[in-house]
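Tertiary structure, described
Below, each chain spelled out in residue letters.
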Amino acid sequence: MNFIRETITAVRMTLVLWLLTAIIYPLGILLIGQALFPFQANGSVMVNLDNQVIGSALIGQTFTSDRYFHGRPSAVRYSEGKQASPTGISGASNFAPSNPALLERIVEEANQLQEQNIEPLGDLIYASGSGLDPHISLRSARQQLSRVARARDVGENDIIPLINKYTDGRFLRTFGEPGVNVLRLNYALDLQEINFP
């Protein structure tokens, strides 16, 4: 009898904990997130003027045109649909520092930047660990400023306020370095071009 009573108590406790941790808590977090932080809770998805999704402010995008600031290189191709890397949407190349393929990619990136008279800074030649970093350093953005201004036929002084506006500060004003959100900056450049041709 004691065994049956303890089994029933254990099953009851398991059901109560399951109800709390698998249903009530996640539902509460979902409701709080949707009520207080809907933009962030839905993935920080950015849309253009036609209400079409252009990306997430939290995930780096690939920009190749001279009209745009280029983000960090990525070891995964998360934005290429069916051509996506088989490793998934997040991850690094996992190449060791001694791997010739890694060195070849870095040298190629550095040479391309030098051809554009851009100093090959770390965040412009090295991929982030996740492959999803949406930021570049303020210094890297300033290195690309003249190329973007030339391609858009605007003055550098017209772009600097946008760089400053889309620079995110240190986390909790203490950790990390300020970084420029590349997707938000590039979209602001496109909007500025529409509003002030």
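Thresholds applied
- Residues numbered from 1 in each chain as written.
- Predicted model: local features only at pLDDT ≥ 70, side-chain atom pairs only at ≥ 80, totals over all residues.
- Heavy atoms only, no water.
- Pairing = 2+ DSSP bridges.
- Helix = DSSP H or I, 4+ residues; strand = E, 2+ residues; numbered from the N terminus.
- Contact = heavy atoms within 4.5 Å.
- Axes fitted to C-alpha atoms, helices over the stretch in contact; angles between N-to-C directions.
- Buried < 20%, exposed > 50% of the residue type's maximum accessible area, 1.4 Å probe, protein only.
- Expected span 1.5 Å × (residues − 1).
- Arc of directions from axis to C-beta.
- Polar contact = N/O pair within 3.5 Å; in protein donor to acceptor, adjacent residues only side chain to side chain.
- Domains from an automatic or database assignment.

1. Here we look at the pairing of strand β2 (residues 53-56)
- When strand β1 (residues 45-47) meets β2, the two strands line up antiparallel, connected through 3 bridges. Looking across to β2, one finds that Met46 is bridged to Gly55.
- Hairpin connection between β1 and β2: a loop of 5 residues separates the two successive antiparallel strands, and Asn51 in this loop has a positive phi of roughly 65°.

2. Looking at the sheet that holds strand β4 (residues 167-168)
- Spatial strand order, β3-β5-β4: 3 strands in an open sheet with antiparallel pairing. Since the sheet does not close on itself, it has two edges, and those belong to β3 (135-137) and β4, each with one partner.
- The pairing of β3 with strand β5 (residues 179-181) spans 3 bridges and is antiparallel. The residue bridging Ile136 from the neighbouring strand is Val180, located in β5.
- Strands β3, β4 and β5 of the sheet are contacted by helix α5 (residues 138-152), whose axis makes an angle of about 85° with β3.

3. Some points on unusual backbone geometry
- Positioned with a positive phi, Asp153 is a non-glycine residue whose angle comes to about 60°.
- Relative to the assigned elements, Asp153 resides in the loop between α5 and α6 (156-165).
- You will see that Arg173, though not glycine, has its phi angle at about 60°, which is positive.
- When its relative accessible area of 80% is taken as the criterion, Arg173 is described as exposed.

4. A look at helix α3 (residues 100-115)
- An ideal rise of 1.5 Å per residue puts 22 Å on 16 residues; α3 measures up with 22 Å between its terminal C-alpha atoms.
- Taken together, the buried positions of α3 are Leu102, Ile106, Ala110 and Leu113. Angular distribution of buried residues about the axis of α3 spans 60°; they occupy a single face of the element. Of the residues in α3, the exposed ones pointing more than 90 degrees away from the buried face are Pro100, Glu104 and Glu115.
- As for α3, its buried residues are in contact with α4 (122-125).
- Residue Asn99 occupies the N-cap position of α3, its side-chain oxygen lying 2.8 Å from the main-chain nitrogen of Ala101.
- Directly beyond the C-terminal end of α3, a positive phi value near 60° is found at Asn117.

5. As for the domain arrangement of the chain
- The assigned domain composition of the chain is domain 1 (1-42) and domain 2 (45-195).
- Measuring from the centre of the C-alpha atoms in domain 1 to the corresponding centre in domain 2 gives 40 Å.

6. Quick word on the side chain of Ser140
- Mapped onto the elements of the fold, Ser140 is located in helix α5.
- The exposure class assigned to Ser140 is buried, which follows from its relative accessible area of 0%.
- Within the structure, the side chain of Ser140 is placed 3.0 Å from the side chain of Ser137, a separation counted as a polar contact.
- Residues within four places of Ser140 in sequence aside, it is in contact with Leu121, Asp123 and Leu124.

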